[in-house]
Amino acid sequence: MISRRLLAALGALALSLPAMPAQAQGSLSFDAYLQLLIARARAEGVSETTLQRMTAGLEPNYRVIELDRGQPGAPTRAGYPALAPYIARHVDAARIRGGRDAHASWSRTLRAIEREYGVPSEILVAIWGHETAYGAVKGGFDLSQALATLAWEGRRRDLFAGEWVALMKVADKGYSRSELKGSWAGAFGNPQFLPSVYLRLAADGNGDGRADIMNNGADALASIANYFRDSGWRTGQPWGVGAYVPSGFDVSAYRTRLVAPVCSRVHGRHSVYKTVREWRDLGVQPQRAIDDDVLVTLFQPDGPGTSAWLLTSNYRVILEYNCSNYYAMSVGLLADEIAE
């Protein structure tokens, strides 16, 4: 049993060295590093009862470390994989059918959420479908173990240490350890929020005073809507529309120089922003109704003669949820199919 005096000293160490390099703390055993995390959470107000039940028997999960180290890196010289096959796999008949069924089942709740947050119901359902197959696949990793393991391993220590402490604060709201399961990287619940995102943006969708994104569909959908509103969703504007690009049009001549501070590669194949009217004047025609004064970027990911889109600022809001053109395009296109 570690004395309270030693725990207090560990707490002071954790707070005074928040940016200690991974190499410096990497020599600590998992148990010793866990005490630093516990001390930090205690200092931030997490109850002793919660800390005890969320750390009982905790040991590192080496499968989590393998999965983290196996994440793909930058595109190779061969370029990006084609978008069309990805869309075919992720916007398939089963996911479209599931989305339409979920939209119908939750129609009353979705109407109320759309009125409150201004985000189209089909977008909310599409996110739900992509994240957890409409609640069917939410992940089975013990979040306390996964996040503590990733923080101890040290590759992205600051991120995961903060998320572990945030998870303790979520647990302190009365959620059991068995409820707090999710992906190996710490995302959980129907919308797959990280714990820090839950604390900031989880919403009560059914008026019972809780934001239970693990078990309650209304709370999950309202939380997704709150995330999108917080990220700047513009009500009444589509995420994007298909576009006709004339033969011989050189999309690369209009390539953006924008480099986002986070996930910088995501804009690499986007054009500069122009109004729909300006694109029309260049011969690029939207395939669905969209106001002429809306600013859009032209995206033709698979090259000349393939599908192209004019993307609004709302597309960038989808990228805030998951910084991948493959993900954002599949969400937008699934939402369109659900709305049909």
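Everything discussed here concerns the structure shown above.
So, a few notes on the structure that sits alongside this text. What you are looking at is a predicted structure, and each value in this text was computed from that prediction instead of being measured.

Rules used in this analysis
Residues numbered from 1 in each chain as written. Predicted model: local features only at pLDDT ≥ 70, side-chain atom pairs only at ≥ 80, totals over all residues. Heavy atoms only, no water. Helix = DSSP H or I, 4+ residues; strand = E, 2+ residues; numbered from the N terminus. Buried < 20%, exposed > 50% of the residue type's maximum accessible area, 1.4 Å probe, protein only. Areas by Shrake-Rupley, 256 points an atom, 1.4 Å probe, with all protein chains shown as cover. Axes fitted to C-alpha atoms, helices over the stretch in contact; angles between N-to-C directions. Parallel < 35°, antiparallel > 145°, perpendicular 65-115°, else oblique. Left-handed = near helix turned anticlockwise from the far one by under 90°. Contact = heavy atoms within 4.5 Å. Salt bridge = Lys/Arg side-chain N within 4 Å of Asp/Glu carboxyl O. Core = buried A, V, L, I, M, F, W, Y, C linked by side-chain atoms within 4.5 Å. Pairing = 2+ DSSP bridges. Expected span 1.5 Å × (residues − 1).

**Thoughts on the overall build of the protein chain**
Thought 1: Looking only at helices and strands, the protein chain has 16 helices and seven strands in total.
Thought 2: Within the protein chain, the fraction of its 340 residues that count as buried is 49%.
Thought 3: Here the protein chain displays about 16400 Å² of accessible surface, and carbon together with sulfur accounts for 50% of that area.

**Side note on the packing of helix α6 (residues 83-90) against helix α16 (residues 325-339)**
Thought 1: Direction vectors running N to C along α6 and α16 enclose 50 degrees, while the axes themselves pass 10 Å from each other. Classed by the angle they form, the pair α6 and α16 counts as oblique. Two packed elements cross with a definite hand, and for α6 against α16 that hand is right-handed. When α6 is examined against α16, the residues Leu83, Tyr86, Ile87 and His90 are found in contact with a partner set consisting of Tyr326, Tyr327, Met329, Ser330 and Leu333.

**Considerations on the pattern of salt bridges**
Thought 1: This structure, assessed with the given rule, holds 12 salt bridges.
Thought 2: Here Asp142 makes a salt bridge to Arg177, at a shortest N to O gap of 2.8 Å. Taken as a pair, Asp142 in strand β1 (residues 141-142) and Arg177 in the loop between α11 (157-171) and β2 (181-182) lie far apart in primary sequence, 35 residues in all. In this structure, Asp142 and Arg177 share a single accessibility class: buried.
Thought 3: The salt bridge involving Arg280 is made with Asp292; its shortest N-O contact spans 3.0 Å. Taken together, the residues Arg280 in helix α14 (residues 276-281) and Asp292 in the loop between β5 (285-286) and β6 (295-299) connect sequence positions 12 residues apart.
Thought 4: On the accessibility criterion, Arg280 (29% relative accessible area) is partly exposed.
Thought 5: Judged by relative accessible area, which is 29%, Asp292 ranks as partly exposed.

**Structural notes on the nonpolar core**
Thought 1: Residues Trp164, Leu180, Phe228, Trp239, Ile318 and Met329 are the most contacted members of the largest nonpolar core, which totals 83 residues.
Thought 2: A total of nine residues in this core trace back to one element, the largest contributor, which is α16.
Thought 3: Excluding residues within four positions of it along the chain, Phe228 makes contact with Val119, Ile123, Ile127, Trp233, Val317, Ile318 and Tyr321.
Thought 4: Ranked by size, the runner-up nonpolar core spans 14 residues in total, among them Val241, Phe249, Val296 and Ala308.

**As for the side chain of Gln237**
Thought 1: With respect to the element layout, Gln237 can be found in the loop between α13 (217-230) and β3 (240-244).
Thought 2: What Gln237 contacts, discounting residues up to four positions off in sequence, is Val294, Thr312, Ser313 and Asn314.

**A look at the sheet that holds strand β4 (residues 270-275)**
Thought 1: Here we have five strands laid out as an open sheet, ordered β4-β6-β7-β3-β5, and antiparallel in their pairing. Single-partner strands in this sheet number two, and they are β4 and β5.
Thought 2: In the packing of α16 onto the sheet, contacts are made with β4, β6 and β7 (308-311), and the angle to β7 comes to roughly 85 degrees.

**Examining helix α3 (residues 30-43)**
Thought 1: The terminal C-alpha atoms of α3, which comprises 14 residues, lie 20 Å apart, in line with the 20 Å expected from a rise of 1.5 Å per residue.
Thought 2: Regarding α3, the residues found buried are Phe30, Tyr33, Leu34, Gln35, Leu36, Leu37, Ile38, Ala39 and Ala41.
Thought 3: Of the residues one or two after α3, Gly45 is the one with positive phi, at around 100 degrees.

**Some details on the pairing of β7**
Thought 1: Side chains Ala308 and Leu310 of β7 all project onto a buried face; the interleaved residues Trp309 and Leu311 project onto the opposite face, where all are buried too.
Thought 2: Bridging between β3 and β7 involves four bridges; their strand directions are antiparallel. If you follow Gly240 over to β7, its bridge partner there is Leu311.
Thought 3: Relative to β7, β6 runs antiparallel, the two sharing three bridges. Within β7, the residue paired with Phe299 across the bridge is Trp309.

**Section: unusual backbone geometry**
Thought 1: In this structure, Tyr134 takes a positive phi of about 60 degrees despite not being glycine.
Thought 2: Within the element layout of this structure, Tyr134 appears in the loop between α9 (121-132) and β1.
Thought 3: You can call Tyr134 buried: its relative accessible area is 18%.
Thought 4: Residue Gln192 is not a glycine yet carries a positive backbone phi of 55 degrees.
Thought 5: Here Gln192 lies in the loop between β2 and α12 (195-201).

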